[in-house]
Amino acid sequence: MLDVLMGEDIPYLWDNWDIDRTQEMKMQPQRQVLSRCCVADGCLQLRFRTVYALGGHSTLTQDMVVYADTPRVDFETTVDWQDKHHLLKAQFLVDMKTSFSRHEIQYGYVDRPNNANTAVERAKFEVCNHKYTDLFDTRYGVALLNDCKYGISVQGSDMRLTLHKGGCRPDPGGDIGVHDFTYALLPHDSGFSAPSVVRPAYELNMKPLCVPAALEEPEEPPITLEPSNLIVESIKPAEDGDGCVVRFYDSECTTSRAKLRLRLPVRRVAETNMLEDEIAELPLRDGETCTRCGAPEVAFTGTGCDLRQAVSVTPAAGEPVVLTTVTAVQTVPEREEGRRPSLVMRRLAADETLWDAAKQYRTDEELIRAVNQLTEGEVPDKMLLIPRMRP
């Protein structure tokens, strides 16, 4: 069920930004219909156009579009706004019973309670959402999509998308005029997922750009990404001017093994951080590279094509290495006279020889080779045991 709600909006503070909790008690259905007609009835869509009177001076013209090949119902809306200090919302009462609602944020989503049992939950009467809000269980769900509205209130199964706010400070006429936007109701016969909710939300916001052209065969995209829950959010030139940056993320906030196929000439692929500083190079074979995509991470690519992700390294094979170590130390009674043995452990410097070490510690080069099992002429690259005699 759809209703258009409108009510007086005079917040306690911050006229153009705040919405008070008591606002929901002021909202009234706007059911003064000026006209209604069917403007399209074809094989692809059915379109009803309704014009409502809003408040005292505003009007709303809305096309409800039902498609033949998708359960999505669009509401293409034009508002001629002439009222001040009023709030406009679209209300949907759906047949769902859940304890929380899921709202998109940048590179992911956030779950908010849709009840008011505690003071914290009561404070979340209006929350942010970007392209979608979804009420769902494991087998069914209803998503409310939009192309430019970022506030919504959800109580139980009552979803109210904020469409317009007529504040007067700091600009008394900032919201006056004609506004165009679209929102849509999308039932889906599964739980929340990228194919059932996230992709349709992108399709509503990023409509195809059609240009006249002739192709002998279909063109493949320059970059493809698997699995389907991973989304390439943007492709941009690198800040240092060398290569491009590809940003992708896991829209379901899970942990996935990302497989990126590049159909462009690529020299190398490397992880970067958000400042596009290179972290590590990734293997590239036949234009493909793989990496782990964790939640909620954002992936980037930069010099030639770089890619920001956490990478797990597992050795494929190893060789046994014999190390000479000290396993025990035995003390002997201290002699009152004569010279006493002592032991030094150290590594040779880059420009240092065994002869230099023997001279420094007043010992014999051959004795050092014997203790450390070094052959004649071998240059040691390890920690050495250097025996010496001290007074």
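Structure first, text after, so check above.
Every value quoted in this text rests on a predicted model; they were computed, and no experiment measured them.

Asks: How would you sum up the side chain of Ser-256? Please name residues and give values.
Replies: Residue placement: Ser-256 occurs in strand 19 (residues 256–262). On the accessibility criterion, Ser-256 (10% relative accessible area) is buried. Engagement of the side chain of Ser-256 in a polar contact is seen with the side chain of Asn-229, the distance being 2.9 Å. Look past the residues within four positions of Ser-256 in its chain and what remains in contact with it is Pro-227, Asn-229, Leu-230, Asp-250, Thr-291, Arg-292 and Cys-293.

Asks: Requested: an account of a nonpolar patch on the surface, with residues and values cited.
Replies: On the surface, Tyr-12, Leu-13, Trp-14 and Trp-17 cluster together to form a nonpolar patch covering roughly 630 Å² of accessible area. You can see Tyr-12 is positioned in the loop between strand 1 (2–8) and strand 2 (28–29).

Asks: Talk me through the pairing of strand 21 (residues 278–282); I want residue IDs and the actual numbers.
Replies: Consecutive residues of a regular strand have side chains that alternate between opposite faces of the sheet. When strand 20 (residues 269–272) meets strand 21, the two strands line up antiparallel, connected through four bridges. Bridged to Val-269 within strand 21 is Leu-282. Connecting strand 20 to the next strand, strand 21, in antiparallel fashion are five residues, including Glu-276 with a positive phi near 65°.

Asks: I'd love a proper account of the pattern of salt bridges, names of residues and values included.
Replies: Considering all chains together, one arrives at 20 salt bridges under this definition. Measuring nitrogen to oxygen at the nearest pair gives 3.2 Å for the salt bridge that ties Glu-239 to Lys-236. We note a salt bridge from Arg-268 to Glu-281, for which the minimum N-O separation is 3.5 Å. Within this pair, whereas Arg-268 is found in the loop between strand 19 and strand 20, its partner Glu-281 is found in strand 21, the two being separated by 13 residues in sequence. Several salt bridges share partner residues, and in doing so they unite Arg-47, Arg-49, Asp-63 and Glu-76 into one network.

Asks: So, unusual backbone geometry: which residues are in play, and what are the values?
Replies: Following Arg-169, the chain continues to Pro-170 via a peptide bond in cis, the omega torsion being 10°. Structurally, Pro-170 can be placed in the loop between strand 14 (158–165) and strand 15 (177–188). The omega torsion of the bond from Glu-226 to Pro-227 falls at 0°, within 30 degrees of zero and hence cis. Structurally, the position occupied by Pro-227 is in the loop between strand 16 (223–226) and strand 17 (230–237). Here the phi dihedral of His-85 falls at roughly 55°; this positive angle occurs in a residue that is not glycine. You can see His-85 is positioned in the loop between strand 6 (73–81) and strand 7 (86–93).

Basis of the calculations
- Residues numbered from 1 in each chain as written.
- Predicted model: local features only at pLDDT ≥ 70, side-chain atom pairs only at ≥ 80, totals over all residues.
- Heavy atoms only, no water.
- Helix = DSSP H or I, 4+ residues; strand = E, 2+ residues; numbered from the N terminus.
- Buried < 20%, exposed > 50% of the residue type's maximum accessible area, 1.4 Å probe, protein only.
- Polar contact = N/O pair within 3.5 Å; in protein donor to acceptor, adjacent residues only side chain to side chain.
- Contact = heavy atoms within 4.5 Å.
- Patch = residues over 30% accessible without salt bridge, like charges linked within 9 Å, V, L, I, M, F, W, Y side chains within 5 Å.
- Areas by Shrake-Rupley, 256 points an atom, 1.4 Å probe, with all protein chains shown as cover.
- Salt bridge = Lys/Arg side-chain N within 4 Å of Asp/Glu carboxyl O.
- Pairing = 2+ DSSP bridges.

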